[in-house]
Amino acid sequence: MVLGNSQAAVAKSMADTIGQRLVGDPLSALSDTIKKRYFDEPKWQKNFEDVVTSDPHLHQLHKQEPLMLANAFETIKRFSPTLAKDRLATRSLLRHVAMSGGEMDFGTMKLLAETEKFHNESKRK
């Protein structure tokens, strides 16, 4: 009797794990992709365009070297998707990149990741 209950518990646990991996994880990944493509990406793009066009220095630099700010913004999105939607944070970070000649140091990337982590943890509470 005890062995049967143990086997049933193990079987249920395995079924839950397999179900999560075969169904839950792919659905979650699909949901994340849809959210990113149809909701986040337009917000990011609008923010980037608004910041670059409203700041004369960034606007001029973007005309001269369009990939510099675009690449920097991709890094901002990767390490802190939340800050990539914030106009003031984006402007400040892009100005920092412009002043450093198009480079973003590891300290800044670490700060972006920590800020994102802090923001996500505060949303859960």
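Above this text sits the structure in question.
Below is a summary of the structure that appears in this document.

## Here's the deal with the packing of helix α3 (residues 66-79) against helix α5 (residues 106-124)
- At a closest axis distance of 8 Å, the pairing of α3 and α5 adopts a crossing angle of 40°. With respect to each other, α3 and α5 are oriented oblique. On α5, the residues that touch Thr75, Ile76 and Phe79 of α3 are Met109, Leu112, Ala113 and Glu116.
- The residue makeup of the contact of α3 with α5, split by class, is 5 nonpolar, 1 polar and 1 charged.

## Examining the layout of surface pockets
- Here the largest pocket defines a volume of roughly 220 Å³.
- Taken together, Asp32, Thr33, Lys35, Lys36, Asp40, Trp44, Pro81, Thr82, Lys85, Glu116, Asn120 and Lys123 make up the lining of the largest pocket.
- For the lining of the largest pocket, the secondary structure elements donating two or more residues are α1 (2-54) and α5.
- Of the residues forming the lining of the largest pocket, the biggest block, 6 residues, is contributed by α1.
- Here the residues of the lining of the largest pocket sort into 2 nonpolar, 3 polar and 7 charged.

## Some points on the nonpolar core
- One finds Leu69, Ile76, Leu94 and Met104 to be the most contacted residues of the largest nonpolar core, which totals 21 residues.
- Contact partners of methionine 104, with chain neighbours within four places excluded, come to Ala72, Thr75, Ile76, Val97, Met109 and Leu112.

## Description of the environment of serine 122
- Within the element layout of this structure, serine 122 appears in helix α5.
- Here histidine 119 takes part through its backbone oxygen, which lies 2.8 Å from a polar atom of the side chain of serine 122.

## Description of a nonpolar patch on the surface
- On the surface, Ile34, Tyr38 and Phe39 cluster together into a nonpolar patch covering about 350 Å² of accessible area.
- On the accessibility criterion, phenylalanine 39 (53% relative accessible area) is exposed.

## A short note on helix α4 (residues 87-99)
- Between the first and last C-alpha of α4 there are 18 Å, a value that for 13 residues agrees with the 18 Å anticipated at 1.5 Å per step.
- Among the residues of α4, Ala89, Thr90, Arg91, Leu93, Leu94, Val97 and Ala98 are the ones counted as buried.
- The N-capping residue of α4, defined by a side-chain oxygen 3.2 Å from the backbone nitrogen of leucine 88, is aspartate 86.
- Just downstream of α4, glycine 101 is the residue with a positive phi angle, here 75°.

## Observations concerning the pattern of salt bridges
- Taken as a whole and assessed by the stated rule, the structure comprises 7 salt bridges.
- In this structure, arginine 95 and aspartate 55 form a salt bridge, with 2.4 Å as the shortest nitrogen-oxygen distance. In this pair, arginine 95 is assigned in helix α4 and aspartate 55 in the loop between α1 and α2 (56-64), connecting sequence segments 40 residues apart.
- On the basis of relative accessibility, which here comes to 39%, the residue arginine 95 falls in the partly exposed class.
- You can call aspartate 55 buried: its relative accessible area is 3%.
- Here lysine 110 makes a salt bridge to glutamate 114, at a shortest N to O gap of 3.7 Å.

Procedures and definitions
- Residues numbered from 1 in each chain as written.
- Predicted model: local features only at pLDDT ≥ 70, side-chain atom pairs only at ≥ 80, totals over all residues.
- Heavy atoms only, no water.
- Axes fitted to C-alpha atoms, helices over the stretch in contact; angles between N-to-C directions.
- Helix = DSSP H or I, 4+ residues; strand = E, 2+ residues; numbered from the N terminus.
- Parallel < 35°, antiparallel > 145°, perpendicular 65-115°, else oblique.
- Contact = heavy atoms within 4.5 Å.
- Nonpolar A, V, L, I, M, F, W, Y, C, P; charged D, E, K, R; others polar.
- 1 Å grid on protein atoms, 1.4 Å probe; cavity = no way out; pocket = protein on both sides within 12 Å on 5 of 7 lines; lining within 4 Å.
- Points joined across faces, edges and corners; volume = space filled by probe spheres on them.
- Core = buried A, V, L, I, M, F, W, Y, C linked by side-chain atoms within 4.5 Å.
- Buried < 20%, exposed > 50% of the residue type's maximum accessible area, 1.4 Å probe, protein only.
- Polar contact = N/O pair within 3.5 Å; in protein donor to acceptor, adjacent residues only side chain to side chain.
- Patch = residues over 30% accessible without salt bridge, like charges linked within 9 Å, V, L, I, M, F, W, Y side chains within 5 Å.
- Areas by Shrake-Rupley, 256 points an atom, 1.4 Å probe, with all protein chains shown as cover.
- Salt bridge = Lys/Arg side-chain N within 4 Å of Asp/Glu carboxyl O.
- Expected span 1.5 Å × (residues − 1).

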